[in-house]
Amino acid sequence: MDRELTLMVVHAHPDDECLSTGGVLARYAEEGIRTVLVTCTNGEQGDDQGGVKPGEEGHDDAAVAERRLAELRESVAHLGVDHLELLGYRDSGMDGWPGNGHPDAFANVPVEAAAGRLAELMERYRPQVVVTYDETGGGGYGHPDHVQTHRVTAAAVEATGIPDKFYYTAIPRSSITRMFELMRDSGVDLGGFEPSDDFGTPDERVTTIVDVAAYTERKLKALRAHESQGDNIFLLRMPEEAQQQAFSHEAFERVLSRVPTAAHEDDLFAGLREGR
């Protein structure tokens, strides 16, 4: 008997699900494809109430985690996600933060241990399509938990052999250039930030671009659900035109396919729907 068509997306923190995969989660759920979101950490190193940062007086890791997981549940409701799975690891914080050294931080967990837990979920749901970050943590982002999520997911995919297709999220460099031009032209204060030349995914590595324009408002609602981290989500402050550009398509790099596919595709499930 054919397996139920299933998409599994693996992310590092609460709120990561929105920008690069919120559209495909909403689109495929609406198409009747089972969607599974795996979130590896509880987000303890996010902002506390009033924007209090980790390490500052008044920052409560446990309270931040509780708040962020509640926001995550609201977000996945907007996106129509069928199953939310929490691995429950401790947020490691940004590269260079003191939290990197915590013995329970996700970045310090042996890859084989976390991959074994993720493999169990793959055995349970048997997804044809799995999505996570590339080896840099997502277009050069470099966050320790994103890099660890890549390692863990790649190891679980290899160990189980279950997914028919495996993708990395991608942020095409050409899209980044256009988005920042729009923001500058609209007078958005970028705080002096300029993306480096190597930020994002080289366009030639992008194999798949999915049209999710019909789900832009759902993505925005999901993103707004993470209001405790609103100060860090600059996309919410962008002009509408720039938001539409940033949110209307999601790009991916296909790194594994056990089914015949075109060099460039507009559907993560291309080659998997025939005969169903």
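Definitions and limits used
Residues numbered from 1 in each chain as written. Predicted model: local features only at pLDDT ≥ 70, side-chain atom pairs only at ≥ 80, totals over all residues. Heavy atoms only, no water. Helix = DSSP H or I, 4+ residues; strand = E, 2+ residues; numbered from the N terminus. Rg over C-alpha atoms; globule rule 2.2 N^0.38 Å. Buried < 20%, exposed > 50% of the residue type's maximum accessible area, 1.4 Å probe, protein only. Contact = heavy atoms within 4.5 Å. Areas by Shrake-Rupley, 256 points an atom, 1.4 Å probe, with all protein chains shown as cover. Patch = residues over 30% accessible without salt bridge, like charges linked within 9 Å, V, L, I, M, F, W, Y side chains within 5 Å. Salt bridge = Lys/Arg side-chain N within 4 Å of Asp/Glu carboxyl O. Phe/Tyr/Trp six-rings, centres within 6.5 Å; stacked < 30°, edge-to-face > 60°. Pairing = 2+ DSSP bridges. Right-handed = clockwise from strand over helix to strand, strands pointing away. Axes fitted to C-alpha atoms, helices over the stretch in contact; angles between N-to-C directions. Parallel < 35°, antiparallel > 145°, perpendicular 65-115°, else oblique. Nonpolar A, V, L, I, M, F, W, Y, C, P; charged D, E, K, R; others polar. Polar contact = N/O pair within 3.5 Å; in protein donor to acceptor, adjacent residues only side chain to side chain. Disulfide = S-S within 2.5 Å.

**Q** Can you tell me about the overall build of the protein, naming the residues and giving the values?
**A** Check the secondary structure of the protein and you find eight helices and seven strands. Taken against the 2.2 N^0.38 rule, which gives 19 Å for 276 residues, the C-alpha radius of gyration of the protein at 18 Å falls within 12% of a compact globule. Taking all 276 residues of the protein together, the buried fraction comes to 53%. For the protein, long-range pairs separated by at least 24 residues make up 79% of all intrachain contacts whose partners lie at least 6 apart in sequence. With an accessible surface of roughly 12300 Å², the protein has 48% of that area assigned to carbon and sulfur atoms.

**Q** Report on a nonpolar patch on the surface, specifying residues and quantitative values.
**A** A surface patch of nonpolar side chains, amounting to about 270 Å² of accessible area, comprises M94, W97 and Y141. Among the structural elements, M94 can be located in the loop between β3 (83-89) and α4 (111-125).

**Q** So what's going on with the packing of aromatic side chains? Which residues, and what values?
**A** Within this structure, the stated rule accounts for four aromatic pairs. Ring centres of F166 and Y168 lie 5.6 Å apart, and the angle between their planes is 80°; this geometry places the pair in the edge-to-face category. By relative accessible area, which is 11% here, Y168 ends up buried. With centroids separated by 6.3 Å and ring planes inclined at 75°, the aromatic side chains of Y167 and F252 adopt a geometry described as edge-to-face. Of this pair, Y167 sits in strand β5 (residues 165-170) while F252 sits in strand β7 (residues 249-257), and the two are 85 residues apart along the sequence. The pair Y167 / F252 is uniform in exposure class, with both members buried.

**Q** So what's going on with the pairing of β3? Residues and values would help.
**A** Direction of pairing for strand β2 (residues 34-41) relative to β3: parallel, over a ladder of five bridges. Residue pairing across strands places T39 opposite L86, the latter belonging to β3. Between β2 and its parallel partner β3, the chain crosses via helix α3 (residues 61-79), and the hand of that crossover is right-handed.

**Q** Describe the sheet that holds strand β6 (residues 208-211), naming the residues involved and giving the relevant values.
**A** Taken in spatial order, the seven strands make up an open sheet running β3-β2-β1-β4-β5-β7-β6, and their pairing is mixed. Single-partner strands in this sheet number two, and they are β3 and β6. Across the sheet, the mean angle separating the axes of adjacent strands is 25° when strand polarity is ignored. Sheet strands in contact with α3 are β2 and β3, and its direction is about 160° off that of β3.

**Q** I'd like to hear about the packing of helix α6 (residues 173-185) against helix α8 (residues 240-247), residue by residue, with values.
**A** In helix packing, the relevant descriptors are the interaxial angle and the interaxial distance, both defined with respect to the helix axes. Between α6 and α8, the least distance of the axes is 9 Å, while the angle of their chain directions is 170°. By the criterion of interaxial angle, the relationship of α6 to α8 is roughly antiparallel. Across the interface between the two elements, S175, R178, M179, L182 and M183 of α6 pack against E241, A242, Q245 and A246 of α8. When its residues are assigned to classes, the contact of α6 with α8 shows five nonpolar, two polar and two charged.

**Q** So what's going on with the side chain of H226? Residues and values would help.
**A** Relative to the assigned elements, H226 resides in the loop between α7 (216-225) and α8. Residue classification places H226 among the buried positions, given a relative accessible area of 0%. Within polar-contact distance, the side chain of H226 engages the side chain of E17 at 2.7 Å.

**Q** Explain the state of the cysteines to me, using residue names and the numbers behind them.
**A** Using the criterion set out here, one finds zero disulfides in the structure. The thiol sulfur of C18 is not disulfide-bonded, and the nearest other cysteine sulfur, from C40, lies at 16 Å. For C40, a relative accessible area of 1% gives the class buried.

This is a description of form; function is not addressed.
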